[in-house]
Amino acid sequence: MKLNIRSIITSSIASIISMPAMVLAASPQEFQLHGFAAISYLHSDDNNFFGDSENGSFEFYELGLNGLWEPHKRFHFATQAVARDAGETDDGNIRIDFAFANIKLLIDEHYETSVRLGRVVNPYGFYNDTRDVAATRPSILLPQSVYFDVNRNLALSSDGAHLIHQHRLEKSDITFQIGVFEPRTEDPDLEPATFFQSVPGEFEGARSWMARLNYDYDFGRFRAALTAADIELDYKPSRDDLLSPGFLDLRPLIFSVQYQQEQWTLTAEYVIRKTALKDFGPPLEGDIEGHNFFIQGEYRLSNKWRWFLRYDELVWNNDDPKGEDFEAATGIQGHIRYAKDWTLGTRWDFNQHYMVSAEIHSIEGTGWLSILENPLTEPTDKDWSLFAVTFSARF
């Protein structure tokens, strides 16, 4: 029987929309409201990222409001609305990042099992759960090889049902989450990034799944996670489209590990990524395997100051790591098929509500740039740098 995901998300959001009236009768312990805001300045010596960054850009800002209502110890609602402007990749309109009902099915001293219904944050790697709040990110920009910002909505959350089981041991926690859902496809760069040009049709989410197994030892001193997914998107051509109906299949496998002491943290994530285009016919038909990874070190000078250093690498096709065969076949610059990014950054927390961050990137390749902001008809530079500074507030 086909999972009626649209019915699930509609009923869940309807319940959450009615939440304000019910909150009036709730005690302060049952309701929480939080917000965040961040504005960034970006400047690149070549190429554009989140707006016209070659001339300096303030087109990257994030505003969000989230709420949690817990009328019963076994049941809560959570939702978040965000307005985000990120050049051509996000238009600043308000959207619902997540809106779900969480029901605890089993509760015991050592374990807890729950189900989430609605628009749920995807269990993807270490940072996807909190990537939308600047204060919870280790940097202004997350490692773009793993956490693509040009297709943020697709990666962040999805509409469906998730089962979560947590088992508590003496000094560790094991958490398993699996979801069946329809992906979100409202990212403007999704079709151009797939077909290397704008197309009249569009992708729609099809039945997909994602699962993550997370191990946490000694209150976060050591963490490890394994994420696997099969995400399917159906292409719906328009009436005058030259493309046939087909589908895009994304199958990432992510290995994540982190170790931290009082003053420093080491984090690494490695992705084996398989991508398939089916039913489009040649030359679009085929399977490609690539890899992404980053390794990152953070050092905390004090409660207010911290620094980080990161190396981040993306290769779209392991059989053509520099894009040379791709360039010979298509005439498109081969460096759009990979990216290598060294990043150095710092952060200063004024207090628990305000912070400022700055970072500089030295990059070879343009594999994670927006095609909308960097049209393939105009040459881009293989070697480029990016400077970013952000001021953010939260309550």
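Quick caveat: nothing in here was measured; it's all calculated off a predicted structure.

Structural notes on the overall build of the protein chain
Along its length, the protein chain carries 5 helices and 17 strands. For the C-alpha atoms alone, the extent of the protein chain along its principal axes is close to 65 × 55 × 40 Å. A total of 395 residues make up the protein chain; the buried ones form 50% of that total. Put simply, of all contacts in the protein chain between residues at least 6 apart along the chain, 61% involve residues at least 24 apart. Counting 35 positive and 59 negative side-chain charges, the protein chain places the averaged centre of each group 8 Å from the other.

Overview of the packing of aromatic side chains
Both the distance between ring centres and the angle between the ring planes are used here to describe each pair of aromatic rings. On inspection of all chains with the given rule, the structure shows 25 aromatic pairs. Note on Tyr 127 and Tyr 147: the rings are 5.9 Å apart at their centroids and 65 degrees apart in plane angle, and the pair reads as edge-to-face. One end of the pair, Tyr 127, is in the loop between strand 5 (111-121) and helix 3 (152-156); the other, Tyr 147, is in the loop between strand 5 and helix 3, and 20 residues separate them in sequence. Ring geometry for Phe 203 against Tyr 235: centres 5.6 Å apart, planes inclined by 75 degrees, an arrangement best described as edge-to-face. Taken together, the residues Phe 203 in strand 8 (residues 202-205) and Tyr 235 in strand 10 (residues 222-236) connect sequence positions 32 residues apart.

A closer look at the nonpolar core
By size, the foremost hydrophobic cluster in this structure holds 26 residues, and its most contacted members are Tyr 147, Phe 195, Phe 203, Leu 233 and Tyr 235. Of all the secondary-structure elements, those providing two or more residues to this core are helix 4 (190-195), strand 10, strand 11 (246-260) and strand 12 (264-278). Contacts of Tyr 147, omitting those with residues within four sequence positions, involve Tyr 124, Gly 125, Phe 126, Tyr 127, Asn 128, Arg 131, Leu 142, Glu 269 and Phe 294. In terms of nonpolar packing, the next biggest core, distinct from the first, is built from 17 residues, Phe 50, Ala 86, Leu 314 and Ala 339 among them.

As for the pairing of strand 7 (residues 172-183)
Both faces of the sheet carry side chains from a regular strand, because those side chains alternate between them. Pairing of strand 6 (residues 157-168) with strand 7 involves 11 bridges; the strand directions are antiparallel. Residue pairing in the sheet places Ile 164 in a bridge with Gln 177 of strand 7. Linking strand 6 back to strand 7 in an antiparallel pair, the connection comprises 3 residues.

Quick word on the environment of Val 115
Mapped onto the elements of the fold, Val 115 is located in strand 5. Classification of Val 115 as buried rests on a relative accessible area of 17%. When the C-alpha atoms of Val 115 and His 162 are compared, they prove to be 5.6 Å apart, with 47 residues separating the residues in sequence. Once residues within four sequence positions are removed from consideration, Val 115 is found in contact with Ala 101, Asn 102, Ile 103, Leu 105 and His 162.

The rules we used
- Residues numbered from 1 in each chain as written.
- Predicted model: local features only at pLDDT ≥ 70, side-chain atom pairs only at ≥ 80, totals over all residues.
- Heavy atoms only, no water.
- Helix = DSSP H or I, 4+ residues; strand = E, 2+ residues; numbered from the N terminus.
- Buried < 20%, exposed > 50% of the residue type's maximum accessible area, 1.4 Å probe, protein only.
- Contact = heavy atoms within 4.5 Å.
- Lys, Arg positive; Asp, Glu negative; His and termini not counted.
- Charge placed at Lys NZ, Arg CZ, Asp CG, Glu CD.
- Phe/Tyr/Trp six-rings, centres within 6.5 Å; stacked < 30°, edge-to-face > 60°.
- Core = buried A, V, L, I, M, F, W, Y, C linked by side-chain atoms within 4.5 Å.
- Pairing = 2+ DSSP bridges.

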